[in-house]
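# Examination of the molecular architecture
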Amino acid sequence: MRKDLRQRMKEDWIFCDGGFGTLLQAKGLKGGELPETWNLTHPDDIRDIYCRYLQAGSTIFNANTFGANRLKYPDNLEEIVNSGVSLALEARVSCGREDDAYVALDLGPTGKLLEPLGDLPFEEAVSIFKEVISIGVNAGVDLIFIETMSDSYEAKAAVLAAKETCDLPIFITTIFDEKGKLLTGGTVASTVTMLEGLRVDALGVNCGLGPAQMLPIIKELTSIATIPVIVNPNAGLPRNENGATVFDVGPEEFAAYMEEIADLGVHILGGCCGTTPEHIQALIQHVKPHNIVNLDNSYVCRISSYCEALTIGESPLIIGERINPTGKKIFKQALRDQNYEYILSEGLRQEESGAHILDVNVGLPEIDEPSMMEEVVTRLQSITSLPLQIDTTDAEALERGLRYYNGKALINSVNGKQESMDTVFPLVQKYGGAVVALALDEDGIPETSDGRIAIAKKIYQEAAKYGIPAEDIIVDGLAMTISSDTNSANVTLDTIRRIRDELHGHSILGVSNISFGLPHREIINSFFYTMAMQNGLSLAIINPGNEPMMRAYYSFLALTNQDPQCGSYINRYADVPADQISSGNSGKSTATTGAQLSLTDSIIKGMQESAVCAVTEELKTQDPLVLINDVMIPALDVVGKGFEKGTMFLPQLLMSAEAAKAAFEVIKQSMSGQKQESKGKVILATVKGDIHDIGKNIVKVLLDNYGFDVIDLGKDVPPEVIVDTAIEQNVEVVGLSALMTTTVVSMEETIALLKVKKPGTKTVVGGAVMTQEYADSIGADCYAKDAMATVKYANSILCPDSV
């Protein structure tokens, strides 16, 4: 009888299988042919591949279901999945591996980008994955293996689909580039933080890179992960040889690398594209004699956005408090009017002022708070890289915020009342999160630090019942105004100190509460803030636009050796004139409360409505073409260069493009009747057999905004259609995209046909499997590592004078 997989992977090596498409191609899979259809048309070949991996020694082998979803198979999905799983179960029996091998439902990406960056709603993605998982579970799989995810938001949708459909183990691997970034900007730390919060059983990396190129990523991964790590690399980097895709790392070389990787603390190992049963057999022979190296990373509290992870407790952090209607008439009206641009601008101003986390509280009695929370969280996380704190007392609003948040959120709050813990902790258990815990209960707020510490301990104990570690509980020591109790600050500071020294925990305060009812509150607030940090305060909810508070923060870090070479202090204050220091108006923040953003800033920050307002105003005095060429294109260039340098990420790039697009529409209307100049025509297509069009769609958005006439032929496009369109439209540049190695042959066929029927046409190629060498080997004129590279190449061909 098979041992429980969750238990087995704690004490034994787990070996995955290798590439599936590689072996299908060797058996005759044609370029553009859908691999999963072979479950029906070539069952003996599929069964044979399963058996070869089982005979090689694989512990886990994937059913041939990677691309199976209703987008790709709208008419026979159930038949495809059932057949793939059934053949796997048969192979396990025929190979005598019923007692020690596990059949995985292989779940790949949908090929679409989720809203608001793309056109696939989050819940639709969850539904797509649920449908496949439900079929697979009913067919008899042993685990859900989500792989090749390049977008953390889609990864979250897949994990939630699995959790909401079954209780089988969930394994997930993502695909990083050589810089350690997901397509949508996620880092190793942000990805691990979110996935561990979602309580997957194992996580790791696959595809995109060979074992040598993956090593730096794996070292970072094993330095922070606290659950089992999976590593399934390609057999090196792909290239074209005599019309076939080949990889440059053989079985023995692959196994030697994997031996090194195993010694880093990885004990779930296998392969991806280009690897074969021989690679897996060699891997097992090299690795199995080794003792398992268990990861011994201590669990630390981290929260994350889609691209940034913050460790709580390393140094004091600031939570911006301004996205909150309390005491803010204009903000309240913005909520009533659904004026999202105003709400988002509050977030951006706080980010510029120095906040590390943004509090999001949108509660008003007269509005639909759950819907507003969902909308604000979704929009806000598209334009800022800062982690968010979901702040609400409404359970439905809390769940909506957590569900649609692309990361691991900070949650504000729970308290010592049983009803509160019964409501909040199940949501944390499902979605992940670090929780602000108010030191109060059914008896109210204790007047002593003893009472508050006792409640903190009670909350820790209750959280543990849900598997929530104490490190993820951040205790609010409760700052109460000294205007009514002059000893209250002492009690709060003693509570904060004891949280650090006795509980070895993390603490938080809403700092400004201490001065309620007093004149010139910022004087008290800033001194109290410094005292709280001295007593171990981890997080402060403050207004980062309040300069006395920020002076206290930067000064404290410099004085306590938490600001190397006083770099942050110098950067903020070195160039500030003395008269501004004495007046209290200092610091380098460019944030201006309530000011209308310029057209340039609107585009850079991705603010569509602001861009429309700004361009409408500018058109009163400026020539439209001047605005396009001298304002909008340079603004897009700022974002593009930031993207290339890694200081801005894909969501910001796309939201910036959408803001520019909105402004362009206004300009087009103003130029109605006038001839509008195009830089030239560009064809874009995802090649035959491939339905993954994320990359293509991103490129289209950018080319549109840079003034090109884009002919988007969509996905799964035959070579003949691309070539005929190029001839009919006299197109000089053709962009081709492919995600899978099995479809690159269609790319090569398209390029070859273009050279014959429309010589001189330039081709630019991209996609997860593509490299410069691979692009050269199939005859492409340009390899674009990202969307901006395609824009640059199109400019160089169609507008050489502008380069």
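Quantities reported herein were computed from a predicted structural model and do not represent experimental measurements.

What follows deals with helix α6 (residues 122-139). Helical geometry: 3.6 residues make up each α-helical turn, so side chains three or four residues apart lie on a common side. In this model, α6 (18 residues) spans 26 Å end to end at C-alpha, consistent with the 26 Å of a helix rising 1.5 Å per residue. The complete set of buried residues in α6 reads Phe122, Ala125, Val126, Ile128, Phe129, Val132, Ile133, Ile135 and Gly136. Those residues of α6 that are buried are in contact with α5 (77-94), β3 (102-107), β4 (143-149), α7 (152-163) and α15 (395-403). Two residues or fewer past α6, Gly140 is found with a positive phi of approximately 110 degrees.

Before going further, it helps to spend a moment on the packing of aromatic side chains. Tallying each qualifying case throughout the model produces 12 aromatic pairs. Plain terms: the ring middles of Tyr306 and Phe649 are 6.4 Å apart, the flat faces sit at 85 degrees to each other, and that makes the pair edge-to-face. Of the two residues, Tyr306 is situated in the loop between β11 (302-304) and β12 (309-311) and Phe649 in the loop between α25 (624-645) and α26 (650-670); the sequence distance between them amounts to 343 residues. For Phe649, a relative accessible area of 14% puts it in the buried group. The rings of Tyr553, Tyr554, Tyr569 and Tyr573 are connected pair by pair, giving a single aromatic cluster. The ring of Tyr342 has Arg349 lying over it, and the distance from NZ or CZ to the ring centre is 6.0 Å.

Here we come to the packing of helix α17 (residues 449-464) against helix α18 (residues 488-501). Put simply, α17 and α18 touch, their axes get as near as 9 Å, and they point 40 degrees apart. On the basis of their axis angle, the class for α17 and α18 is oblique. Crossing hand, α17 versus α18: right-handed. Residues Ser449, Asp450, Arg452 and Ile453 of α17 form the contact with α18, whose own contacting residues are Val491, Thr492, Asp494, Thr495, Arg498 and Ile499. Split into classes, the residues belonging to the contact of α17 with α18 amount to 3 nonpolar, 3 polar and 4 charged.

With that settled, consider the pairing of strand β7 (residues 229-232). Every second residue of β7 is oriented toward a common face, with Val229 and Val231 on one face and Ile230 and Asn232 on the other, all of them buried. Note on the crossover from strand β6 (residues 202-206) through helix α9 (residues 211-224) to β7: the handedness is right-handed. In this structure, β7 lies alongside strand β10 (residues 268-269), joined through 2 bridges in parallel fashion. Looking at β10, one finds that Val231 is bridged to Leu269.

Right, let's get into the sheet that holds strand β20 (residues 539-542). Spatially, 8 strands are ordered β13-β14-β15-β16-β17-β18-β19-β20 in a closed barrel, and the strand pairing comes out parallel. This sheet shows a mean twist of 30 degrees between the axes of neighbouring strands, independent of strand direction. Bridge analysis of strand β15 (residues 388-391) against strand β16 (residues 410-415) gives 3 bridges, and the strand direction is parallel. Considered in β16, the bridge of Asp391 is made with Asn412. Packing of helix α16 (residues 418-431) onto the sheet brings it into contact with β16, β17 (434-438) and β18 (473-476), and relative to β16 it is tilted by some 155 degrees.

Residue position: Asn412 is located in strand β16. Taking the relative accessible area as the measure of exposure, Asn412 reaches 10% and is therefore buried. Contacts of Asn412, omitting those with residues within four sequence positions, involve Asp359, Gln389, Ile390, Asp391, Thr392, Val436 and Ile541.

Moving on to the sheet that holds strand β25 (residues 782-783). Taking strand neighbours across the sheet as the criterion, the 5 strands line up as β22-β21-β23-β24-β25 in an open arrangement whose pairing is parallel. One side of each edge strand has no neighbouring strand; the edge strands of this open sheet are β22 (709-712) and β25. In this sheet, strand β24 (residues 762-766) lies alongside strand β23 (residues 733-737) in parallel orientation, the contact comprising 5 bridges. Within the sheet, the bridge partner assigned to Ser737 lies in β24 and is Gly766. The strands touched by helix α31 (residues 787-798) are β21 (681-686), β23, β24 and β25; relative to β24, the strand with the most contacts, the crossing angle is about 175 degrees.

Take the nonpolar core next. Of all hydrophobic cores here, the largest spans 167 residues; its most connected members are Ile144, Leu269, Ile473 and Tyr529. Shared between two domains, this core takes at least three residues from each, and those domains are domain 1 (5-287) and domain 2 (477-572). For Ile144, the residues in contact, after removing those within four places along its chain, are Leu105, Leu107, Ile133, Val137, Ala162, Cys166, Leu168, Pro169, Ile170 and Phe171.

This part covers the domain arrangement of the protein. Here the protein is partitioned into domain 1 (5-287), domain 2 (477-572), domain 3 (599-670) and domain 4 (681-802). Domain 1 and domain 2 are separated by 47 Å when their C-alpha centres are compared.

Quick look at the pattern of salt bridges now. When the charged atoms of two side chains with opposite charge come close together, those side chains can pair. Considering all chains together, one arrives at 38 salt bridges under this definition. A salt bridge links Asp44 to Arg47, with the nearest nitrogen and oxygen atoms 2.8 Å apart. Residue Asp44 and its partner Arg47 are both found in helix α4 (residues 43-56); the two are separated by 3 residues, about one turn of the helix. Of the charged contacts in the structure, one is a salt bridge between Arg403 and Glu164, with a shortest N-O distance of 2.6 Å.

Another point: a negative patch on the surface. Taken together, the side chains of Asp248, Glu253, Glu773 and Asp776 make up a negatively charged region of the molecular surface. Relative to the helices and strands, Asp776 is located in helix α30 (residues 772-777).

Structurally, His356 is set in the loop between α13 (340-353) and β14 (357-360). Overall, His356 belongs to the buried group, its relative accessible area being 19%. Contact partners of His356, with chain neighbours within four places excluded, come to Leu310, Pro316, Leu317, Ile318, Leu386, Pro387 and Tyr553.

With that out of the way, let us pick up the confidence of the model for the protein. It should be kept in mind that the predicted coordinates are not to be read in detail where pLDDT is low. On average, the protein scores 93 in pLDDT, and the residues at 70 or more come to 97%. Every residue in residues 590-594 is under pLDDT 50, and counting partners more than four places away or in other chains gives 7 contacts.

Thresholds, definitions, all that
Residues numbered from 1 in each chain as written. Predicted model: local features only at pLDDT ≥ 70, side-chain atom pairs only at ≥ 80, totals over all residues. Heavy atoms only, no water. Helix = DSSP H or I, 4+ residues; strand = E, 2+ residues; numbered from the N terminus. Expected span 1.5 Å × (residues − 1). Buried < 20%, exposed > 50% of the residue type's maximum accessible area, 1.4 Å probe, protein only. Contact = heavy atoms within 4.5 Å. Phe/Tyr/Trp six-rings, centres within 6.5 Å; stacked < 30°, edge-to-face > 60°. Lys NZ or Arg CZ within 6 Å of the ring centre and 35° of its normal. Axes fitted to C-alpha atoms, helices over the stretch in contact; angles between N-to-C directions. Parallel < 35°, antiparallel > 145°, perpendicular 65-115°, else oblique. Left-handed = near helix turned anticlockwise from the far one by under 90°. Nonpolar A, V, L, I, M, F, W, Y, C, P; charged D, E, K, R; others polar. Right-handed = clockwise from strand over helix to strand, strands pointing away. Pairing = 2+ DSSP bridges. Core = buried A, V, L, I, M, F, W, Y, C linked by side-chain atoms within 4.5 Å. Domains from an automatic or database assignment. Salt bridge = Lys/Arg side-chain N within 4 Å of Asp/Glu carboxyl O. Patch = residues over 30% accessible without salt bridge, like charges linked within 9 Å, V, L, I, M, F, W, Y side chains within 5 Å. Areas by Shrake-Rupley, 256 points an atom, 1.4 Å probe, with all protein chains shown as cover. Lys, Arg positive; Asp, Glu negative; His and termini not counted. Charge placed at Lys NZ, Arg CZ, Asp CG, Glu CD. pLDDT = per-residue confidence, 0-100.

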